[in-house]
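So you can see what is in the structure, the chains are spelled out below.
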Amino acid sequence: KTRPWATRSKSSGINAEYGQSVAVIRYLARKFGLMPGDDEKDIVKCEMIEQEAVDLRLAFQKLCLDEKFEENKQAYLEKMEEKMGILDTYIGKGPFVLGEKLTYVDFMVFEYVSQIRKFAPKRVEKSGNIVRLLLHIRELPQLQAFFNSEEFKTVPINPSFAKFIG
């Protein structure tokens, strides 16, 4: 049976239906060795940061799609800065969430915070550990072709009807 929210990603080689983007991300993490490993402390740290990142992205998306965008922007920025401070502390000195080990959570933080950074760069810059993680992801040799591609440079982060497209 097909679930109404299930998606099938041909480009990632998924041979089954996966619903929800985080399920797809975790599937790919297992496939490419980007899970935190077996240490319970590392697993919990990654799960907490994963959910903080998801919360940040959802709040940002909600603001961008809100008819009262201008009215709610300042309150969002204040709350976002508080959440970024918590996330910055969780992440630590890095270079990645688990020190030298690269995980799927690093990519989630990169993606979601990079989107927010387009909107509020000065506020994101206050979070030194997060900025350091973003830089380390940007410097990964395996991703340079993508970062230099036209797709990476031009694709908006929100739909055209959003109040902030990015």
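See above for the structure.
Source: prediction; values computed, not measured. (Residues numbered from 1 in each chain as written. Predicted model: local features only at pLDDT ≥ 70, side-chain atom pairs only at ≥ 80, totals over all residues. Heavy atoms only, no water.)

Participant: Requested: an account of the overall build of the protein, with residues and values cited.
Facilitator: Within the protein, the regular secondary structure consists of 8 helices and 2 strands. Reading the secondary structure of the protein in the N-to-C direction produces β-β-α-α-α-α-α-α-α-α. When burial is assessed residue by residue, the protein has 38% of its 166 residues classed as buried. Considering only residue pairs separated by 6 or more positions, the protein has 65% of its internal contacts joining residues 24 or more positions apart. (Helix = DSSP H or I, 4+ residues; strand = E, 2+ residues; numbered from the N terminus. Buried < 20%, exposed > 50% of the residue type's maximum accessible area, 1.4 Å probe, protein only. Contact = heavy atoms within 4.5 Å.)

Participant: Would you mind going over the packing of helix H4 (residues 104-119) against helix H6 (residues 128-138) in detail, with residue names and values included?
Facilitator: A pair of packed helices is characterised by two quantities: the angle between their axes and the separation of those axes. Their axes nearest at 10 Å, the elements H4 and H6 cross at an angle of 110 degrees. When the interaxial angle is binned, H4 and H6 end up roughly perpendicular. The residues of H6 that touch H4, namely those facing Asp106, Phe107, Val109, Phe110, Val113, Ser114 and Arg117, are Ile130, Val131, Leu133, Leu134, Ile137 and Arg138. Its residues assigned to classes, the contact of H4 with H6 comprises 9 nonpolar, 1 polar and 3 charged. (Axes fitted to C-alpha atoms, helices over the stretch in contact; angles between N-to-C directions. Parallel < 35°, antiparallel > 145°, perpendicular 65-115°, else oblique. Nonpolar A, V, L, I, M, F, W, Y, C, P; charged D, E, K, R; others polar.)

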